[in-house]
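# Commentary on secondary and tertiary structure
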Amino acid sequence: HHIWLRDHCRCPTCLHPKTMQRLLNTFQIPPDIKPIKVESSLQGLRVVWPAHEHTEHGEHESVYSWEWLKENSYDPRIEPEDKETKKILWNARISQSPPTVSYNDVAKPGEEGEQALYKWLTNIDTFGFSFITDVPENAASTESLVRKISFIRETHYGGFWEFTSNLAKGDTAYTNIALGAHTDNTYFTDPCGLQLFHLLEHSASESSSSTTYTSTTYPNTKLPNLYASSASPTSNDTQITSNPNSANASSSSSAFTPSSLSSPATQGADATVSSSYPASSAPNSSLGGQTLLIDGFYVASILRSLYPSAYRLLSEIRIPAHAAGERDSAGIFSTGEGYTVFSHNASGELTQVRWNNDDRSVLSSISPSLVEEFYAALRTFHSLLTTPDSEFLIQLTPGTAVIVDNHRVLHGRTAFVGNRRMCGAYIGKDEWKAKLRGLREKYEGKRM
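Since the model is a prediction, treat every value here as computed from it, not as a measurement.

Along strand β6 (residues 129-133), 5 of the 5 residues are buried, which leaves the element largely enclosed by surrounding structure. Pairing of strand β5 (residues 100-102) with β6, which is carried by 3 bridges, proceeds in the parallel orientation. The residue bridging T100 from the neighbouring strand is F131, located in β6.

Attention shifts here to the packing of aromatic side chains. Each aromatic ring pair is described using two quantities: the centre-to-centre distance and the angle formed by the ring planes. Under the defined criterion, the tally for this structure stands at 16 aromatic pairs. Pairing W161 with F197 gives two aromatic rings, centres 6.2 Å apart and planes at 55°, and the pair type is tilted. In this pair, W161 sits in strand β7 (residues 161-163) while F197 sits in strand β9 (residues 194-203), placing the two residues 36 residues apart along the sequence. This pair shows no difference in class: W161 is buried, exactly as F197 is. Here F374 and Y375 contribute two aromatic rings whose centre-to-centre distance is 5.4 Å and whose plane-to-plane angle is 75°, an arrangement assigned as edge-to-face. Taken together, the aromatic side chains of W4, Y64, W68 and Y74 make up a single cluster linked through ring pairs. One Lys or Arg, R354, reaches over the ring of Y339 and ends 3.9 Å from the middle of that ring. Its guanidinium or amino end placed over the ring of F416, R420 lies 5.1 Å from that ring's centre, counting from NZ or CZ.

Alignment of strand β1 (residues 37-40) against strand β2 (residues 45-49), held across 4 bridges, turns out to be antiparallel. Across the sheet, residue K37 finds its bridge partner in β2, namely V48. From the end of β1 to the start of β2, which pair antiparallel, there are 4 residues, and G44 there has a positive phi angle of about 150°.

With an omega dihedral of 5°, the bond running from D75 to P76 counts as a cis peptide bond. Residues other than glycine seldom take positive phi values, yet M20 does so here, at roughly 60°. As for its position among the elements, M20 is in the loop between α1 (2-7) and β1. Among the residues examined, M20 registers a relative accessible area of 28% and is labelled partly exposed. Even without being a glycine, N185 presents a positive backbone phi close to 65°. In this structure, N185 sits in the loop between β8 (179-182) and β9.

Turning next to the environment of T133. One can find T133 in strand β6. Classification of T133 by relative accessible area gives buried; the value is 9%.

Each strand in a sheet pairs with another by means of backbone hydrogen bonds, the pair being arranged parallel or else antiparallel. Taken together, the 4 strands give an open sheet; going across it, the order is β8-β18-β11-β16, and neighbouring strands pair in antiparallel fashion. Sheet topology places β8 and β16 (392-394) at the edges, where each strand pairs with a single neighbour. Here the strands of the sheet are splayed against their neighbours by 15° on average, with no regard to which way each runs. Across 5 bridges, the pairing between strand β11 (residues 291-295) and strand β18 (residues 409-413) is antiparallel. What sits directly across from L292, in β18, is G412.

Now for the nonpolar core. In this structure, L314, F342 and F381 are the most contacted members of the largest nonpolar core, which totals 31 residues. Counting residues in hydrophobic clusters, the runner-up holds 28 residues, among them I124, V135, V146 and L196.

Our next topic: helix α4 (residues 110-127). With 18 residues, α4 should cover 26 Å at 1.5 Å per step; its first-to-last C-alpha distance of 26 Å lies within 8% of that length. Turning to α4, its buried residues number three or more, namely G113, A116, L117, Y118, W120, L121, T122, N123, I124, D125, T126 and F127. Phi turns positive, to about 85°, at G128, one or two residues after α4.

The next subject is the packing of helix α7 (residues 296-306) against helix α9 (residues 371-385). It is the contact of α7 with α9, at a shortest axis distance of 10 Å, that shows an interaxial angle of 130°. Judged by the angle between their axes, α7 and α9 are oblique. For the element pair α7 and α9, the recorded crossing hand is right-handed. Taken together, the residues of α9 that come into contact with α7 (itself represented by V299, I302 and L303) are T380, F381, L384 and L385. Residues of the contact of α7 with α9, tallied by class, amount to 6 nonpolar, 1 polar and no charged.

Thresholds applied
Residues numbered from 1 in each chain as written. Predicted model: local features only at pLDDT ≥ 70, side-chain atom pairs only at ≥ 80, totals over all residues. Heavy atoms only, no water. Buried < 20%, exposed > 50% of the residue type's maximum accessible area, 1.4 Å probe, protein only. Helix = DSSP H or I, 4+ residues; strand = E, 2+ residues; numbered from the N terminus. Pairing = 2+ DSSP bridges. Phe/Tyr/Trp six-rings, centres within 6.5 Å; stacked < 30°, edge-to-face > 60°. Lys NZ or Arg CZ within 6 Å of the ring centre and 35° of its normal. Axes fitted to C-alpha atoms, helices over the stretch in contact; angles between N-to-C directions. Core = buried A, V, L, I, M, F, W, Y, C linked by side-chain atoms within 4.5 Å. Expected span 1.5 Å × (residues − 1). Parallel < 35°, antiparallel > 145°, perpendicular 65-115°, else oblique. Left-handed = near helix turned anticlockwise from the far one by under 90°. Contact = heavy atoms within 4.5 Å. Nonpolar A, V, L, I, M, F, W, Y, C, P; charged D, E, K, R; others polar.

Shown next, in the form of structure tokens:
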């Protein structure tokens, strides 16, 4: 359409070359505008527009590069190759070679450190999490690491936080009890995008020296005959189906297999994975407090394949959430009618898993006819979350931090004893995605 082309002129008079903001007054373009000259060149499509009552310099020339036209075509819609990092789904076997970068690389000055940051963010975009080793064992260095990505998102827990099991805040994270797999901030309209954890200390106290906690200290409900069907997916071929109502929807994601991690075609040029992460047999493992990570997209793909009606219900029924532990200082956070467990974009692609059973509020807006089906769907989802196939348990040690995409990877911990001190922070989704796009444009030439 001519009006679309005129509105999207890329010249510096119409689009600021630094800020990339539109300078052209869209509403002064004649609705029936037509070019007076169109020609192709090596640079792209050259279009000359006629003068009209609002033009100051007569005719106007626009040049649209062929690459830009291909990337932004809407008729037909042409999906650019490798528009975004390909998501790799994973299960417990990712413990063999989890995505990892070194603090020493990210902390380097100049372009070398920036490229390491790009690798780190690409790991997060690809797998939904990443370890970072060699972090100095103090809060100040950890905070500076977080700020390499963006500014910290402040909440009622503070900005950059340190916590122990002293209930300094009204949340069970500030205790030593087990926390099942969950999303943080489900009681916010916009849950945080990233969450970083760094274990600074975990030592035995006098009262805990004879107590041992194992990785099974939180509930684990098994689903009988879960993979009995001959058509059931395995961890080698499971993918996210892009539409909860389409059994044959395509996907841009692939499942984790150990062999896929060494394939540049699968994970992208910078989404490399290091096998240098320390084994989970840490000195303090007998104290409990193992970190639990689960790929929510992987579990969602299995639920969609085996239990499509359950997946559909959790994509349609809104679940309210609240946070009332700091009611006297911060107030009570609530999402009203709430949000669905699974969210999708306009193309039907899964974009967010949002689940926290502990913060779930009273479900009062559900249709009476769906109550039993809803609880059956939740039970099935929970059973898939708590299978050994889904759970990646790791004993964090001082010096190794982990960062998770809170819109994809669910996290938790086993119960623990002793003195356990953790630090970390939140970053908004818009902020970390913006940083990734900027670095991708710089190092791969993929522009807006």
